[in-house]
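Residue-level listing of the chains:
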Amino acid sequence: MLRAEHFAHAADVGVRGIGPTREAAFEQAALALSAVVTDVAGVAALEPVEIDCDAPRGELLLVDWLNRLIYEMAVRHMIFGRFAVTIAGTRLHAVAWGERIDRERHAPAVEPKGATLTALKLEQRPDGDWLAQCVIDV
Amino acid sequence: MDTSLLARVSETEWHLAQAGDMRVPAVIFGDGELLAEMDDKVLEQIRNVACLPGIVEAAYAMPDAHWGYGFPIGGVAAFDAAAGGVVSAGGVGFDISCGVRVLLTGIGRGELEPLKLRLADSLYRDIPAGVGSTGKIALDAAAMDAMLRGGARWAVGEGYGRAADLERIEEQGAAAGAEPDAVSAQAKTRQHDEMGTLGSGNHYLEVQEIVDIAEPAIAAAFGLRRGELVVSIHCGSRGLGHQIGTEFLREMAIAAPGFGIVLPDLELACAPIDSELGRRYLGAMRAAINCALANRQIITHLTRRVFAHFFEAASLDLLFDVSHNTCKEEWHEPGGKRRRLFVHRKGATRAFAAGHAELPPAFAATGQPVFIGGSMGTASAIMVGASVRPERAFASACHGAGRRMSRHQALRHWHGRQVVDELAGRGIIVKSPSSRGVAEEAPGAYKDIASVVEAAHAAGLARKVATLAPVICIKG
């Protein structure tokens, strides 16, 4: 099952991705991150951006992945709507597709500052699906 | 919050005794209602802070405390380098030196009324706010480093504001010890076009009316007169600070075991103050403080330009500028012994009392102004550092109302248009590029600021001076 969702945090927003593989869970978590900013249904997957990360632990790889997306969103003024992630050992390679943010059309709600280590979780659930989550400071 | 584990030592002070891995007790300020409303996570987090190496006296939570990252928002803790103390990227947070400054307009509410709509439109047009907004100042590498060293002093030197402003900013406008070389290329890139921008979320520029004065002598010394308007600017170090927080949090989390530090929560990532990593973080964090001070200085300049168009005589003098998310090296006397400490304030305000050696001359006799930000539909407050002995919580006070509802919950309760219309009905103009952002920041999503202010006053953290009501709100 693929699921991208938010969970409550007192001041900020938790993002959670669920999927049949670790990669799918990372992709869904990224979709949940974009949904913090805007309705992802309105994001055109026009321009690809390649992202590479390396971290000693799976949870930190998730945080690095989300933080790289936040960085690319900030410096390129883009919003992403589609992701393809591959993970090999400690390394992640991904392509994120999106478009330049349009303040009229996307009506961005809030700017993510960083992915935190709070409520950080990367685990395979009893049903076999993977869950990837953390809180985003906004 | 379950208060059964706490000892209530006064109407507004609760103690958690030192136990287990805690090196010091924890102290939470607030009345019974505020504590009942606080998340249990605040207690868990402040207890974890009390476990960190080199912590001095106690770990403190302010009356507006809520669930944060590692530290609760509203958390205060001081560390002694000589006792193996740490500096924590998690204890400062992502929005380094996020803070508030207040400008005095001398304009009466009645004078504003016929011009209110046009002033709101002009402020909204000229102050970049919201996701994707960019400033008009692009810094090359040399200018970026000069800004990171010089903070508001750099900005004044570039023509943004006046030399007199610097006397009314913490550290006279520039944190010493900033190390631009400790700031990554990514952090500088992220800041490239964000100078002079408000950002989003709970950041704002508000025109507010002084509606009540609690301490007339202090209010007069601050230049606050009932019925007049002030401008409050709430923002921080923008992308540069966010990136520094991100990078050092990761590095400290990975490095902590190598220092023999057991982290009760990964988000408390820290390093010994006397380590290469600790020193490098302090250098980068101080550069981010300067970035925030420069940013608020530039926005001040833009605000003055807009006001000058409508009110030629209004000089918009700076009352003061305070930072909320910092680690500062300060002298304190815990247990009567004078020590140089590294005081972390995460969503808390420094609140030096009258006579403090590090106060600017303008506030030597009064104590420093402390600004407590409300939501866009509710009051804000100006307080003053309280002269109580011994000083409370390393001379710290609260910083805002604190959320009582998550963004998620707020979206289920309100629509942006509805919030804007309701506030318009009360004479408050809200300008924002994001309807959803307005709904997430709806006044009802925040706690009652009056009870936070009363608790801070009663606990001796700061004293009430004035109450401000919003008139125009520019939201990011």
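Residues numbered from 1 in each chain as written. Chains lettered and ligands numbered in written order. Predicted model: local features only at pLDDT ≥ 70, side-chain atom pairs only at ≥ 80, totals over all residues. Heavy atoms only, no water.

*Asks:* Looking at this model, I keep getting lost on the nonpolar core. Mind explaining?
*Replies:* One recurring pattern in soluble globular proteins is that nonpolar side chains are buried together. The biggest cluster of nonpolar side chains holds 150 residues, and the ones touching the most others in it are F26, W65, L66 and L69 of chain A together with I244 and Y281 of chain B. Ignoring any residue separated from it by four or fewer positions in sequence, one finds F26 of chain A in contact with G58, L61, L62, W65, V85, I87, L92, L122 and A132 of chain A. One finds L423, V438, A445 and V453 of chain B within the second-largest nonpolar core, a separate group that totals 45 residues. (Core = buried A, V, L, I, M, F, W, Y, C linked by side-chain atoms within 4.5 Å. Buried < 20%, exposed > 50% of the residue type's maximum accessible area, 1.4 Å probe, protein only. Contact = heavy atoms within 4.5 Å.)

*Asks:* Would you mind going over the interface of chain B and chain A with me for this structure?
*Replies:* Size of an interface: often given as the accessible area lost when the parts come together. Each side of the interface is counted separately: chain B has 42 residues, and chain A has 42 residues. The three residues of chain B that bury the most area against chain A are W67, Y69 and V131 of chain B, which together make up 20% of that side's buried surface. Linking chain B to chain A there are three salt bridges. Of the charged contacts in the structure, one is a salt bridge between E111 of chain A and R238 of chain B, with a shortest N-O distance of 3.0 Å. Where chain B touches chain A, the interface holds 15 residue pairs in polar contact (both at pLDDT 80 or more). Of all the elements in the fold, those that place two or more residues in the side of chain B that touches chain A are strand 4 (59–69), helix 7 (185–191), helix 9 (238–255), helix 11 (407–413) and helix 13 (435–440) of chain B. (Buried area = accessible area lost by both parts, 1.4 Å probe. Salt bridge = Lys/Arg side-chain N within 4 Å of Asp/Glu carboxyl O. Polar contact = N/O pair within 3.5 Å; in protein donor to acceptor, adjacent residues only side chain to side chain. Helix = DSSP H or I, 4+ residues; strand = E, 2+ residues; numbered from the N terminus.)

*Asks:* Hey, could you run me through helix 6 (residues 141–157) of chain B in this one?
*Replies:* In an α-helix there are 3.6 residues to a turn, and that puts residues three or four apart on one side. Residue and element names in this part refer to chain B. Its 17 residues place the ends of helix 6 only 17 Å apart at the C-alpha level, less than the 24 Å of an ideal helix rising 1.5 Å per residue. At G150, helix 6 shows its strongest bend, of approximately 120 degrees. Those residues of helix 6 not exposed but buried are M144, D145, M147, L148, G150, G151, A152, W154, A155 and V156. Where helix 6 is buried, its residues meet helix 7, helix 9 and helix 10 (276–310). (Expected span 1.5 Å × (residues − 1). Bend = angle between axes of the 7 residues up to and from the residue.)

*Asks:* Can you help me understand the pairing of strand 16 (residues 380–385) of chain B in this one?
*Replies:* The two faces of a sheet get side chains in turn, since along a regular strand they alternate between them. All names here are of chain B. Taking burial as the measure, the six residues of strand 16 include six buried ones, the bulk of the element. Relative to strand 16, strand 15 (residues 369–372) runs antiparallel, the two being bridged by four bridges. The residue bridging I372 from the neighbouring strand is A381, located in strand 16. Of the pairings in the sheet, the one linking strand 16 to strand 19 (residues 462–475) comprises six bridges and is antiparallel in character. Within strand 19, the position partnered with V384 by the bridge is R463. (Pairing = 2+ DSSP bridges.)

*Asks:* Hey, could you run me through the pattern of salt bridges in this one?
*Replies:* Pairing between side chains of opposite charge can happen when their charged atoms approach one another. Residue and element names in this part refer to chain B. One pass over the full model with this rule turns up 47 salt bridges over all chains. One salt bridge in this structure joins E11 and R8, with 3.6 Å as the shortest N-O distance. Counted as one network, the salt bridges with shared partners bring together E170, E171, K328, E330, R345 and R350.

*Asks:* So what exactly am I meant to see when it comes to the sheet that holds strand 1 (residues 7–10) of chain B here?
*Replies:* Whether parallel or antiparallel, the strands of a sheet pair through hydrogen bonds between backbone atoms. All names here are of chain B. Strand order across the open sheet formed by seven strands is 1-2-3-4-5-13-12, with mixed pairing between neighbours. Two strands close off the open sheet at either side, each with one partner strand: strand 1 and strand 12 (325–332). With direction set aside, neighbouring strand axes in the sheet form an average angle of 40 degrees. Pairing between strand 12 and strand 13 (residues 339–346): eight bridges, direction antiparallel. (Axes fitted to C-alpha atoms, helices over the stretch in contact; angles between N-to-C directions.)

*Asks:* Is there a simple way to think about helix 2 (residues 40–49) of chain B in this case?
*Replies:* Residue and element names in this part refer to chain B. Taken as a whole, helix 2 has its buried residues at V42, L43, Q45, I46, N48 and V49. Summarising the contacts, the buried residues of helix 2 are in contact with strand 2 (13–16), strand 3 (26–29), strand 4 and strand 5 (71–79). A distance of 2.8 Å separates the backbone nitrogen of K41 from a side-chain oxygen at the start of helix 2, and that oxygen is part of D39.

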